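Listed below, chain by chain, are the residues.
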Amino acid sequence: MVANPYDDARTMFDRAADMMNLEQGMREILRTPQRELTVTFPVKLDDGRIEVFTGFRIQHNIVRGPAKGGIRYHPSVDADSIRAYAMLMTWKCATVNIPFGGAKGGVIVNPKQLSRAELERLTRRYTSEISILIGPDRDIPAPDIGTDAQVMAWIMDTYSMHSDHTVPAVVTGKPLNIGGSHGRNEATARGMVAVLREASEALSFQLGGARVAIQGFGNVGANCARMLEEFGAVVVAVSDSAGGLYNPRGLQIADVIAYHDRIGSLAGYPEADPITNAELLELPCDMLIPAAVGAQITMDNVDRIKARIIGEAANGPTTPEADRVLFDRGVFVIPDILANAGGVTVSYFEWVQGLQEFFWTEREVNAQLERVMGAAFQQVLRLAKERHTDMRTAAYLLAVERVASATMTRGIYP
Ligand code: NAD
């Protein structure tokens, strides 16, 4: 059976809600998205034909601040996956205690099949369609799978054209020359590495010499590989959607990145053996970093996972049932809502800089990022120990409690 990410997100939430004895009314509020918008819109293709696309923007919760979340361009986008990721954003922002709610958007499209001009027209029209929801004080999109800084620039420009003035804070993950933040590109990986360093200290585990397997060699996966290598870890395997590479003696990451940039894929890299994505997950290693797509560690393969530490760079890479098995086996899982929150944290810094029109150096951004991630890791770890539970449940307990208490403090309108 194919996992439904929305069911999984609700299962994770229910687990925390049960442990907190969350009151029934509050449960209903928090397990359902607040606003959902489906848009169907035409785009003129280069050959003159018109194609109609479907997209979404879903705000799960905006009690703690404006909604925040990425926009995904992918053929697998559907309402339930967007609902799930919107909900995850609420918990993620609350886990690291930044003043945002959660949202997510997406368009059902394979962006690789569009020309640049078609992608621009699709983005501008989708932006117009969702402009009834987004805005710098309302809902602030960011890049996700299939979208990048250029797509954010088009969203910012389209929204600004409709507003008759430039509104940089309507999106984050923008190019630097129009108000992007230093350090945003590497922020998710830097945050991931920051919590892995905290984890290695907490578990008395050496990062230097640790063998790491990383699934996904995009922004997050490749930057994690590079940064972990700098800390002395041995990256034994990496992969992209076409397959992976394995070298038990360690890959030279700068060389793999250069090869990937040159060829556009990892296939054929000479200094390693080819492996499948399924094999990568099951390799003998100390740390496993799923940094590609969801539902990778499931009941089908969990018994063969050998890593001691799993850092969830991707959203929802572990199904709730498999998560239980890992916990029972003593595998230390750093959950997505903590592990990959570095991206949204620097997005928050970008938004603050945009509103203040005062920009920070990369050193300032990185220092603030490490402060936020370190504090969040320690709070989650403390709660996990106090409640004798896993890091994911602890992160949910922390996050749900923050959103529930903000809701009660504000009161139920009217
Ligand atoms: P990306 O598009 O830059 O890279 C994705 C990588 O995964 C590519 O190497 C791609 O080939 C690979 N991939 C795609 N489908 C795959 C499959 N079925 N099996 C194996 N590999 C596959 O994306 P990214 O920005 O690096 O994001 C990676 C993950 O991290 C996503 O789940 C994303 O939601 C999550 N994430 C990203 C950020 C961010 O700031 N970029 C923040 C939080 C979470």
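Each chain has its residues counted from 1, following the order in which its sequence is written. The predicted nature of this model means local features are confined to residues of pLDDT at least 70 and side-chain atom pairs, given and counted, to a pLDDT of 80 or more, with totals for whole chains, interfaces and linings taken over all residues. Processing note: side-chain calculations cover all non-hydrogen atoms of the structure and skip hydrogens and water entirely.

Undergrad: I would appreciate a short explanation of the side chain of Arg83 in the present structure.
TA: Helix and strand labels come from DSSP, where a helix needs a run of H or I of at least four residues and a strand needs a run of E of at least two; each type is numbered from the N terminus. Take Arg83: it is sitting in helix H3 (residues 79-95). One polar contact links Arg83 to Glu36, side chain to side chain, over a distance of 2.6 Å. When residues no more than four places from it in sequence are discounted, the contact partners of Arg83 are Tyr6, Pro33, Glu36 and Ile58. Whenever two N or O atoms come within 3.5 Å, that pair is a polar contact, provided that in protein one can donate a hydrogen and the other can accept it, and provided that, for residues adjacent in sequence, both atoms are side-chain atoms. Residue contacts follow a heavy-atom distance rule, with two residues in contact if any of their heavy atoms lie within 4.5 Å.

Undergrad: Can you help me understand helix H4 (residues 116-130) in this one?
TA: The periodicity of an α-helix, 3.6 residues per turn, causes residues three or four positions apart to be oriented the same way. With 15 residues, H4 extends 21 Å from end C-alpha to end C-alpha; this agrees with the ideal 21 Å at 1.5 Å per step. Working definition: with a 1.4 Å probe on protein chains only, accessible area under 20% of the residue-type maximum means buried, over 50% means exposed, and in between means partly exposed. Residues of H4 that are buried include every one of Glu118, Leu119, Leu122, Thr123, Tyr126, Thr127 and Ile130, and no others. The buried residues of H4 all sit within an arc of 165 degrees when viewed along its axis, so they share a single face. Where H4 is buried, its residues meet strand S1 (35-44), strand S2 (50-61), strand S3 (67-73), strand S4 (101-107) and helix H5 (149-163). Here a helix's expected span is defined as the number of its residues, less one, multiplied by 1.5 Å. Here, the arc refers to the directions that run from the helix axis to the C-beta atoms.

Undergrad: For this particular structure, what's the right way to read the sheet that holds S2?
TA: Paired through their backbone hydrogen bonds, the strands of a sheet run either parallel or antiparallel. Spatial ordering of the open sheet is given by S1-S2-S4-S3-S5, a layout of five strands whose pairing is mixed. A strand with exactly one partner marks an edge of an open sheet, and here the two such strands are S1 and strand S5 (139-143). With direction set aside, neighbouring strand axes in the sheet form an average angle of 20 degrees. Only when DSSP finds a minimum of two bridges between them are two strands counted as paired. Relative to S2, S1 runs antiparallel, the two sharing ten bridges. When the sheet's bridge partners are listed, Phe41 is paired in S2 with Phe53. This element, H3, spans S1, S2, S3 and S4 of the sheet and lies at about 150 degrees to S4. The angle between two axes is taken between their N-to-C directions and runs from 0 to 180 degrees, where each axis is a line fitted to C-alpha atoms and a helix contributes only its stretch in contact. Sheet strands in contact with H4 are S1, S2, S3 and S4, and its direction is about 145 degrees off that of S1.

Undergrad: Is there a simple way to think about the site of the ligand in this case?
TA: Close to the ligand lie 21 residues, the nearest being Thr188, Phe217, Val220, Ser241 and Ala292. Contacts to the ligand include Asp144, whose side-chain N or O atom sits 3.3 Å from an oxygen atom. The contact in question runs from an oxygen atom of the ligand to an N or O atom on the backbone of Phe217, over 2.9 Å. Areas reported as accessible are Shrake-Rupley estimates using a 1.4 Å probe. Residue values count occlusion only from the protein chains shown. With the chains in place, 77% of the 830 Å² that the ligand exposes on its own is no longer accessible. By residue class, the composition of the shell around the ligand is eight nonpolar, nine polar and four charged. Only heavy atoms are used to decide nearness, and a residue is near a molecule or strand if one of them lies within 4 Å of it. When residues are sorted by character, Ala, Val, Leu, Ile, Met, Phe, Trp, Tyr, Cys and Pro go into the nonpolar class, Asp, Glu, Lys and Arg into the charged class, and all the rest, Gly among them, into the polar class.

Undergrad: Hey, could you run me through the side chain of Ser347 in this one?
TA: Considering the arrangement of structural elements, one finds Ser347 in helix H12 (residues 342-356). A relative accessible area of 1% places Ser347 in the buried class. Among residues more than four places away in sequence, those in contact with Ser347 are Lys68, Ala142, Thr172 and Arg184.

Undergrad: Looking at this structure, how should I read the packing of helix H13 (residues 362-386) against helix H14 (residues 391-410)?
TA: Angle between the axes and distance between the axes are the two parameters that describe a pair of packed helices. The N-to-C vectors of H13 and H14 enclose an angle of 110 degrees; their axes lie 8 Å apart at closest approach. With respect to each other, H13 and H14 are oriented roughly perpendicular. For the pair formed by H13 and H14, the contact residues are Phe377, Gln379, Val380, Leu381, Leu383 and Ala384 on the first element and Met391, Ala394, Ala395, Leu397, Leu398 and Arg402 on the second. When describing relative orientation, an angle under 35 degrees is termed roughly parallel and one over 145 degrees roughly antiparallel, while 65 to 115 degrees is termed roughly perpendicular and anything else oblique.

Undergrad: Sorry if this is basic, but what is going on with the domain arrangement of the chain here?
TA: Many structure descriptions define interface size as the accessible area lost when the parts assemble. By domain assignment, the chain separates into domain 1 (30-167 + 390-414) and domain 2 (187-334). Note: domain ranges come from an automatic or database domain assignment. Distance from the C-alpha centre of domain 1 to the C-alpha centre of domain 2: 27 Å. Listed per partner, the contact involves nine residues of domain 1 and eleven residues of domain 2. Reported buried area values correspond to the accessible surface (1.4 Å probe) lost by two parts on association, with both partners' losses combined. Of the roughly 800 Å² buried where domain 1 meets domain 2, counting both sides, 44% is carbon and sulfur surface.

Undergrad: Sorry, what's going on with the sheet that holds strand S11 (residues 309-311) here?
TA: An order of S9-S8-S7-S6-S10-S11-S12 is seen for the seven strands of this open sheet, with the pairing classed as mixed. On the outer flanks of this sheet lie strand S9 (273-275) and strand S12 (332-334), each paired with one strand and no other. Between one strand axis and the next, the sheet turns by 20 degrees as a mean value, whatever way the strands run. Examined bridge by bridge, S11 and S12 share three bridges and lie parallel to one another. Residue pairing in the sheet places Ile310 in a bridge with Val333 of S12. Against the sheet, helix H6 (residues 187-202) makes contact with strand S10 (287-290), S11 and S12, and its axis sits at roughly 150 degrees relative to S12, the strand it touches most.

Undergrad: So what exactly am I meant to see when it comes to the packing of H3 against H14 here?
TA: Two numbers describe how H3 lies on H14: the axes approach to 8 Å, and their chain directions differ by 90 degrees. Of the possible angle classes, the one that applies to H3 and H14 is roughly perpendicular. In this structure, H3 uses Leu88, Thr90, Trp91, Ala94 and Thr95 to contact H14, whose residues at the interface are Ala395, Tyr396, Leu398, Ala399, Val400, Arg402 and Val403. For the contact of H3 with H14, the residue count by class is nine nonpolar, two polar and one charged.

Undergrad: Whenever I open this one, the state of the cysteines confuses me. Can you help?
TA: For this text, the term disulfide refers to a pair of cysteine sulfurs within 2.5 Å. Scanning the entire structure with this criterion turns up zero disulfides. With no disulfide partner, Cys224 has as its closest neighbouring cysteine sulfur the one in Cys285, 14 Å distant. We classify Cys224 as buried; its relative accessible area is 0%.

Undergrad: Any chance you could explain the nonpolar core here in plain terms?
TA: One finds Trp91, Ile214 and Ile334 to be the most contacted residues of the largest nonpolar core, which totals 90 residues. Here this core gathers at least three residues from each of two domains, domain 1 (30-167 + 390-414) and domain 2 (187-334). The contact partners of Ile334, leaving out residues within four places of it in the chain, are Val195, Leu196, Ala199, Ile309, Ile310, Gly311, Glu312, Ala339 and Phe377. Counting 26 residues, the second-largest nonpolar core is a separate cluster that includes Val107, Leu114, Leu133 and Val151. By convention a nonpolar core is built from buried Ala, Val, Leu, Ile, Met, Phe, Trp, Tyr and Cys residues, the set being connected through side-chain atoms within 4.5 Å.

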